[in-house]
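# Per-entry structural report
Read off the chains here:
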Amino acid sequence: PYTTLFRSRHSNCAAGATLTNVETVNLVAGSSAIVTAAGTVGMAVNNTSATAASLVTLGAGAGQSFTATGSGVNTVVLGAGLGNSATITGSTGIAQTVTLGGPGQLVSEGGGNVTINSTAVNAAGSTFAGGTGTDIVTITAVPAGGMTFAAAAVAGGAAGITGIDTVNLALGAGEIGRAHV
């Protein structure tokens, strides 16, 4: 197992540099970073800076995670891996964006205003947990048969939604559908 402290302003970190054999990347005080994670199973990216923003794209490995605890703006794209997650417990009113990359994923938000984007296929079995901010989920390509939402996610089925203020559903091309709540 490897743990790496990543400082994006370090003189030895060239643009487009590749990290290999890394299980954890920690973004610390004073760093803002663009991180693209490989397909490593269980890879974790943590933004522990009080103020730094981040742009993170996770890879296809299962169980990858992004965690942020400060007041920086975070934009996260989860990879296709099952069980990938984004947990953001930042400050009230800070805009956060998370896009699901596959089904069976988790987005959990604390005090910020989070926008979560997903397709209906990726929402299946995924959990959307809002916090005290204004939280919006937008799901596209909803089929004519609709989709199901519940308090808890069901693997391959219902999307679990709690604490979300607004759910926007966009039907697939030419579809007339419904949502089951």
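Residues numbered from 1 in each chain as written. Predicted model: local features only at pLDDT ≥ 70, side-chain atom pairs only at ≥ 80, totals over all residues. Heavy atoms only, no water.

## Some thoughts on the overall build of the protein
Across its full length, the protein holds 1 helix and 17 strands. Counting only residues that meet the buried cut, the protein has 40% of its 181 residues in that class. Restricting the contact set of the protein to residue pairs at least 6 apart, pairs at least 24 apart contribute 24%. (Helix = DSSP H or I, 4+ residues; strand = E, 2+ residues; numbered from the N terminus. Buried < 20%, exposed > 50% of the residue type's maximum accessible area, 1.4 Å probe, protein only. Contact = heavy atoms within 4.5 Å.)

## A look at the confidence of the model for the protein
For the protein, the average pLDDT comes to 83, and 81% of its residues sit at 70 or higher. The low-confidence segment residues 1-12, where pLDDT is below 50, has 30 contacts with residues more than four positions distant or belonging to other chains. (pLDDT = per-residue confidence, 0-100.)

## Quick word on the pairing of strand S10 (residues 106-109)
Of the two faces of S10, the one lined by Val107 and Glu109 is fully buried and the one lined by Leu106 and Ser108 carries no buried residue. Bridge analysis of strand S8 (residues 85-88) against S10 gives 4 bridges, and the strand direction is parallel. Directly across from Ser85, in S10, lies its bridge partner Leu106. Pairing between S10 and strand S12 (residues 127-129): 3 bridges, direction parallel. Residue pairing in the sheet places Ser108 in a bridge with Ala129 of S12. (Pairing = 2+ DSSP bridges.)

## Points about the side chain of Ser49
With respect to the helices and strands, the residue Ser49 is situated in the loop between strand S4 (44-47) and strand S5 (54-57). Here Ala52 takes part through its backbone nitrogen, which lies 3.0 Å from a polar atom of the side chain of Ser49. (Polar contact = N/O pair within 3.5 Å; in protein donor to acceptor, adjacent residues only side chain to side chain.)

## A look at the side chain of Ser118
Locating Ser118 in the fold gives a position in strand S11 (residues 113-119). The class for Ser118 is buried, based on a relative accessible area of 6%. Among the polar contacts listed, one links the side chain of Ser118 to the backbone nitrogen of Ala123, at a separation of 3.2 Å. Setting aside residues up to four positions removed in sequence, Ser118 forms contacts with Leu100, Ala123, Phe128, Thr138, Ile139 and Thr140.

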